[in-house]
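# Geometric and topological summary
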Amino acid sequence: MFRKTAKAWEEKIAHGLRMAEILDAELSEFGPAEGIVAGTQIATQMGWRPVEAIAAGDMVMTFDHGLLPVAAVKRSQLWISGRACPSQLKPLAVPVGALGNKTPMLLLPEQPVLVESDMAEALFGDPFALIPAAALEGYRGIDRITPHQRVEVVVLEFEHDQVIYANGAGMVHCASVHTGGIATLFDEEMPSYETLPLEMARSIVAGLIDEDQTAHAYACAAE
């Protein structure tokens, strides 16, 4: 069953990546839908620091490789048009503990987030899956909010793709400073993370919701 599902999702992933390229082009005039919202606390060599205080060269704790220097920092605004912020760009409010975060946090809809999932392990042989934050809507109280003021967005880039810690145990992806460059085509040692298409990511989140419900049922039965 899982093999057939995986094969079907391989085709969906290819289609999803093509659609993502089109969507990125359409949204480019508005501002980013990916990046880390100012105020988010990032694990660094000097402890937890707001992402807006991090500069190139600072050492940040990564999921796979420990402390690594930030290669570049980019800053922008979430919404730069005079019109109302479209729903697809509205950030998601993450309650305390929803993603292991110790304090509330905001995620941009296209920001890749690393989650641990039984379904991902069954499909891909890896319990960790990188999904766009938009897929988390409805999970553990995560919901979109309408920004009523400018939201500063900070993009941290490393020499290679990395996953870093945000507001506790939350894990967010940061791209390589070489992303899109010709060097990435020939560097076989450069690690990379593939973000699942939104439709499949939502299936992963549906599985996480089922896991929560099952755990709750067992806990109630044990009382």
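For the structure itself, look to the data block above.
Quantities reported herein were computed from a predicted structural model and do not represent experimental measurements.

What follows concerns the side chain of Glu-157. Here Glu-157 is to be found in strand β12 (residues 152-157). At 3.2 Å, the side chain of Glu-157 and the side chain of Lys-74 are in polar contact. If near-sequence neighbours (up to four positions away) are discounted, Glu-157 is found in contact with Val-70, Ala-71, Ala-72, Lys-74, Ala-175, Ser-176 and Val-177.

Unusually for a residue other than glycine, Arg-140 sits at a positive phi of about 50 degrees. With respect to the helices and strands, Arg-140 occurs in the loop between β10 (128-132) and β11 (143-144). Look at Arg-140 and you get partly exposed, because its relative accessible area is 42%. In this structure, Asn-167 takes a positive phi of about 55 degrees despite not being glycine. Structurally, Asn-167 can be placed in the loop between β13 (162-166) and β14 (170-174).

The next thing to look at is the pattern of salt bridges. Taken as a whole, this structure holds five salt bridges when the rule is applied. Arg-75 serves as the salt-bridge partner of Glu-152, at 3.4 Å between the closest nitrogen and oxygen. One end of the pair, Glu-152, is in strand β12; the other, Arg-75, is in strand β6 (residues 72-77), and 77 residues separate them in sequence. The partner of Arg-140 in a salt bridge is Asp-212, with the nearest N and O atoms 2.7 Å apart.

A few words now on the side chain of Gln-162. Relative to the elements of secondary structure, Gln-162 occurs in strand β13. Here His-65 takes part through its side chain, which lies 3.2 Å from a polar atom of the side chain of Gln-162. Contacts of Gln-162, omitting those with residues within four sequence positions, involve Thr-62, His-65, Leu-68, Val-172, His-173, Cys-174 and Tyr-193.

Turning next to the pairing of β13. Most of β13 sits inside the fold, with four of its five residues counted as buried. Direction of pairing for β13 relative to β14: antiparallel, over a ladder of five bridges. Considered in β14, the bridge of Ala-166 is made with Gly-170. Where β13 folds back onto β14 in an antiparallel hairpin, the turn is made up of three residues, including Asn-167, whose phi is positive at roughly 55 degrees.

Basis of the calculations
- Residues numbered from 1 in each chain as written.
- Predicted model: local features only at pLDDT ≥ 70, side-chain atom pairs only at ≥ 80, totals over all residues.
- Heavy atoms only, no water.
- Helix = DSSP H or I, 4+ residues; strand = E, 2+ residues; numbered from the N terminus.
- Polar contact = N/O pair within 3.5 Å; in protein donor to acceptor, adjacent residues only side chain to side chain.
- Contact = heavy atoms within 4.5 Å.
- Buried < 20%, exposed > 50% of the residue type's maximum accessible area, 1.4 Å probe, protein only.
- Salt bridge = Lys/Arg side-chain N within 4 Å of Asp/Glu carboxyl O.
- Pairing = 2+ DSSP bridges.

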